[in-house]
Amino acid sequence: PQQLRAAQRARNRKDGEAALAGGLMALARGDARAADEATRLARKKMPHQTLPRLMAAQAALLDGRRDDAAANYHAMLGDERRGAQNPQHISLGLEGLYYLARAENDNEAAGTYALQVLEVDGKALWALDGLMTLAVQIGDWPAAEKWLRRWGRAGRSRAQIKQRRAILALAEAQSLLAEEAPAAQ
């Protein structure tokens with residue numbers, strides 16, 4: 001019985017991986033329907049894996065179903081409270097939710113998702129970059145500098161940090177000039 005169960009798990013994993021590969025190819029060619037079908041099979045064969053959920057979210061986005069994509073990203077966070085899920089999976093779900101929020105111009109939600117991922121992975125470059133961008137958009141220059149420092153400590157080269165610092169200084173100067181221009185008239 002134990003060998004039979006192990007063999008069944010191995011078959012399910014093999015079938016699930018084949019479905020994932022097919023689904024990824026369907027996503028690459030823009031075929032949302034085929035990606036959905038492959039995702040359903042992968043989730044059936046690999047019910048506790050995160051990759052089929054991620055693929056389902058991407059297929060939903062491709063098909064214009066943002067609510068379904070968000071539901072899949074949220075499901076990737078589902079076991080977080082029970083401590084049963086891999087932090088990488090949580091990070092993937094939060095990253096998906098972040099980009100959905102940014103696409104909908106919901107900067108508050110995007111910032112919340114980026115901050116949440118930093119609790120799980122303090123060096124998530126996309127989150128640090130996103131928080132830096134959000135700070136620049138609202139003109140919070142001290143916050144932008146804070147996120148730049150953390151971004152640098154997360155593994156960026158000195159040249160990249162120097163370049164980003166110059167861009168921030170330019171953006172701040174342009175912001176100050178734009179504020180003074182109406183007063184000068």
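Above this text sits the structure in question.
These remarks concern the structure in this document. (Residues numbered from 1 in each chain as written. Predicted model: local features only at pLDDT ≥ 70, side-chain atom pairs only at ≥ 80, totals over all residues. Heavy atoms only, no water.)

## Quick word on the pattern of salt bridges
Working step 1: In total, this model carries 9 salt bridges according to the counting rule given.
Working step 2: Residue E37 is joined to R33 by a salt bridge in which the shortest nitrogen-to-oxygen separation is 2.9 Å. With a gap of 4 residues between them, E37 and R33 both fall in helix α2 (residues 32-45), about one helical turn apart.
Working step 3: The exposure class of R33 is exposed, given its relative accessible area of 59%.
Working step 4: Residue R164 is joined to D129 by a salt bridge in which the shortest nitrogen-to-oxygen separation is 2.4 Å. Taken together, the residues R164 in helix α9 (residues 158-184) and D129 in helix α7 (residues 125-138) connect sequence positions 35 residues apart.
Working step 5: With a relative accessible area of 27%, D129 lands in the partly exposed category.
Working step 6: Through salt bridges with shared partners, a single network forms among D36, D63, R65 and D68. (Salt bridge = Lys/Arg side-chain N within 4 Å of Asp/Glu carboxyl O. Helix = DSSP H or I, 4+ residues; strand = E, 2+ residues; numbered from the N terminus. Buried < 20%, exposed > 50% of the residue type's maximum accessible area, 1.4 Å probe, protein only.)

## Quick notes on the packing of aromatic side chains
Working step 1: Under the counting rule described, the total for this entry stands at 3 aromatic pairs.
Working step 2: Between the aromatic rings of Y98 and Y99, the centroid separation amounts to 4.9 Å while the plane-to-plane angle is 85 degrees, which identifies the pairing as edge-to-face.
Working step 3: Its relative accessible area of 44% is what places Y99 among the partly exposed residues.
Working step 4: Measuring from ring centre to ring centre gives 5.2 Å for Y98 and W126, while their planes differ by 50 degrees; the resulting arrangement is tilted. Pair noted here: Y98 is in helix α5 (residues 87-103) and W126 is in helix α7, with a separation of 28 residues, a long-range link. Across the pair, exposure class does not vary: Y98 and W126 are buried alike. (Phe/Tyr/Trp six-rings, centres within 6.5 Å; stacked < 30°, edge-to-face > 60°.)

## Thoughts on the nonpolar core
Working step 1: Within the largest apolar cluster, 36 residues are counted, with the highest numbers of intra-cluster contacts made by Y73, Y113, V117, L118, A127 and W147.
Working step 2: Among the secondary structure elements, those contributing two or more residues to this core are α3 (51-62), α4 (66-77), α5, α6 (107-120), α7, α8 (141-153) and α9.
Working step 3: Ranked by residues supplied to this core, first place goes to α7 with 7 residues.
Working step 4: Contact partners of Y73, with chain neighbours within four places excluded, come to L54, A57, Q58, L61, L92, G93, G96, L97 and L100. (Core = buried A, V, L, I, M, F, W, Y, C linked by side-chain atoms within 4.5 Å. Contact = heavy atoms within 4.5 Å.)

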